[in-house]
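# Understanding the architecture of this molecule
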Amino acid sequence: MALAGFLGCGNMGGILAAAATKMTDSGEILGADHHPEKLRRLHTDCGVVPADAREIAETCRFIFLGVKPQGMAQASAEIRDILSRRTDPFVLVSMAAGLSITSVSELFGVGGRVIRIMPNTPAAVGAGVILYCTGGDIDLETEQAFLGLLDAAGTLVKLEEAKFDAASAVTGCGPAFVCLFMESLVDGAVRCGLPRNLALEFVQRTVLGTAKLSLESGQDPALLRAAVCSPGGSTIAGVAAMEEHAVRFAAMEAVQAAFLRTVELGGPKN
């Protein structure tokens, strides 16, 4: 039996599969995808073993569903009959936005053998936030094995499912919002005459350092911002410009829009 298989090795599926290979022996991580070049790259880069959906459904203890909510019905049609015949322990791990544990359980007919996750792209460098919650049939030993499997991806945070969609709008979607903000800072620096390569490096290091300061100090970002704003200085002038253009409100609206779309993708709640 292989330890884990990934049905769908796109951006997040491929990132998690690669992270899992760092925590396991060679040959224990399988991957299936409709694009063979993705599997070849994962096999070459980190040793993921190319497979198909049925093989993963038949042999893997942890079956990761790297499938969008709209594709879950098709995924179920491919493997539900295989799962129904298995007598050995297995777990479905779903990363589909908005789909509850109950929805996945009913779709695949697996009872409480479901772990729901929401990872984010910084997992590619071991700095991800992976939210997770567990179905009723996941015991402590299974949960610990799951945590060990993804340890190289970053920080795993257990969260009650009622808060999952809201948290996903920040952790799952947040990297895109941060990148958009970083891109804007780079363009602003270029507008002021700084070469783009230097502007990008300075923005990257500034964002990284500020996040680390916030995390390690535990201070509210409002206090950290205020500490930089000298009376009548350059920083407060820039902050005033951001407030004038409603940057704060735009960020709030982005998170709420992502949350509402996540809820919509999940369909009626069980």
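This text follows the structure it describes.
Going along each chain's sequence as written, the residues are numbered from 1 onward. Two thresholds apply to this predicted model, a pLDDT of at least 70 for residue-level local features and 80 or more for giving and counting side-chain atom pairs, whereas whole-chain, interface and lining totals are computed over all residues. Only hydrogens and water are set aside; all other atoms, that is, all heavy atoms of the structure, feed into the side-chain values.

## Observations concerning the packing of helix 7 (residues 164–171) against helix 12 (residues 247–266)
- At a minimum axis separation of 8 Å, helix 7 and helix 12 run at an interaxial angle of 130 degrees. On the basis of their axis angle, the class for helix 7 and helix 12 is oblique. The element helix 7 and its partner helix 12 pack so that their crossing is right-handed. Touching D165, A166, A169 and V170 of helix 7 are V255, A258, F259, T262 and V263, all from helix 12.
- Taken together, the residues of the contact of helix 7 with helix 12 sort by class into 7 nonpolar, 1 polar and 1 charged. With axes taken as lines fitted to C-alpha atoms, and helix axes fitted only over the stretch in contact, angles between N-to-C directions fall between 0 and 180 degrees. Only DSSP runs of H or I covering at least 4 residues are called helices, and only runs of E covering at least 2 are called strands; the numbering of each starts at the N terminus. Roughly parallel refers to an angle under 35 degrees, roughly antiparallel to one over 145, roughly perpendicular to one between 65 and 115, and oblique to any angle outside these ranges. Crossing handedness follows the turn of the near helix against the far one: under a right angle anticlockwise gives a left-handed crossing, and clockwise gives a right-handed one. By definition in these notes, contact holds between two residues if any of their heavy atoms fall within 4.5 Å. Ten residues, namely Ala, Val, Leu, Ile, Met, Phe, Trp, Tyr, Cys and Pro, are considered nonpolar, four, namely Asp, Glu, Lys and Arg, are considered charged, and the remaining ones, Gly among them, are considered polar.

## Some thoughts on a nonpolar patch on the surface
- Two joining distances apply to patches: 9 Å for like charges and 5 Å for nonpolar side chains (Val, Leu, Ile, Met, Phe, Trp, Tyr), and every residue must have over 30% relative accessible area and no salt bridge. Per-residue and other accessible areas follow the Shrake-Rupley method at a 1.4 Å probe size, with only the shown protein chains counted as cover for residues. The term salt bridge refers to a pairing of a side-chain nitrogen on Lys or Arg with a carboxyl oxygen on Asp or Glu at a separation within 4 Å. Taken together, the side chains of F181, L185, M242 and V247 make up a nonpolar region of the molecular surface, amounting to roughly 300 Å² of accessible area.
- For F181, the position within the fold is in helix 8 (residues 174–191).
- Here's how the labels work: a residue is buried when its accessible area is under 20% of the maximum for its type, exposed when over 50%, partly exposed in between, all with a 1.4 Å probe on protein chains only. Looking at F181, the relative accessible area reads 37%, which means it is partly exposed.

## A closer look at the pairing of strand 6 (residues 114–118)
- Extensive coverage of strand 6 is indicated by the burial of 5 of its 5 residues.
- Going residue by residue along strand 6, you find V114, R116 and M118 tucked away on one face and I115 and I117 tucked away on the opposite face as well.
- Two elements, strand 5 (residues 91–94) and strand 6, share 3 bridges in a ladder whose sense is parallel. If you follow L92 over to strand 6, its bridge partner there is V114.
- Crossover handedness is defined here as right-handed if the route from the first strand over the helix to the second strand goes clockwise, with the strands pointing away from the viewer. Tracing the backbone out of strand 5, into helix 5 (residues 101–108) and back to the parallel element strand 6 gives a crossover that is right-handed.
- In terms of strand pairing, strand 6 meets strand 7 (residues 128–134) through 4 bridges, oriented antiparallel. Bridge pairing in strand 7 places R116 opposite C133. Any two strands are treated as partners once DSSP identifies two or more bridges connecting them.

## What about the packing of aromatic side chains?
- Under the pairing criterion, centres of Phe, Tyr and Trp rings, with the six-membered ring standing for Trp, must be within 6.5 Å; the plane angle then separates stacked pairs below 30 degrees from edge-to-face pairs above 60, leaving the rest tilted. A full pass over the atoms with the stated rule returns 3 aromatic pairs.
- Between F62 and F146 the ring centres are 6.5 Å apart and the planes differ by 45 degrees, which places this aromatic pair in the tilted class. Of the two residues, F62 sits in strand 4 (residues 60–65) while F146 sits in helix 6 (residues 140–149), which places them 84 residues apart along the sequence.
- According to the relative accessible area criterion, F62 is buried, its value standing at 0%.
- Classification of F146 as buried rests on a relative accessible area of 0%.
- An aromatic cluster of three or more residues is present, and its members are F62, Y132 and F146.

## With respect to the pairing of strand 7
- Counted residue by residue, strand 7 has 5 buried out of 7 residues, so it is predominantly covered.
- Relative to strand 8 (residues 154–158), strand 7 runs parallel, the two being bridged by 5 bridges. Bridging from a neighbouring strand, G128 pairs with G154 of strand 8.

## Some thoughts on the sheet that holds strand 3 (residues 49–50)
- Strand order in this open sheet of 8 strands is 3-2-1-4-5-6-7-8, and the pairing throughout is mixed. A strand with exactly one partner marks an edge of an open sheet, and here the two such strands are strand 3 and strand 8.

## Topic: the environment of V93
- Tracing the chain through its elements places V93 in strand 5.
- A relative accessible area of 0% places V93 in the buried class.
- For V93 and L39, which are 54 residues apart along the polypeptide, the C-alpha to C-alpha distance reads 20 Å.
- Discounting residues that sit within four places of it in the chain, V93 has contacts with F62, I63, F64, L65, I115, I117 and F146.

## Points about the state of the cysteines
- Criterion for a disulfide: a pair of cysteine sulfur atoms within 2.5 Å. On inspection of all chains with the given rule, the structure shows 0 disulfides.
- Free cysteine: C9, not disulfide-bonded; nearest cysteine sulfur from C46 at 9.2 Å.
- Here C9 falls in the buried class, since its relative accessible area comes to 4%.
- C173 takes part in no disulfide bond, and the closest cysteine sulfur to it belongs to C179, at a distance of 13 Å.

## So, the nonpolar core
- Among buried residues, those of type Ala, Val, Leu, Ile, Met, Phe, Trp, Tyr and Cys that are joined through side-chain atoms within 4.5 Å constitute a nonpolar core. L7, I56, I63, L65, L83, L92 and F108 are the most contacted members of the largest nonpolar core, which totals 32 residues.
- If you tally residues by element for this core, the top one is helix 4 (residues 72–85), at 5 residues.
- Non-local contacts of L83, meaning those with residues more than four positions away in its chain, are made with A57, I63, F90, L92, F108 and V110.
- Counting 30 residues, the second largest nonpolar core, distinct from the first, contains C9, L39, M95 and L149.

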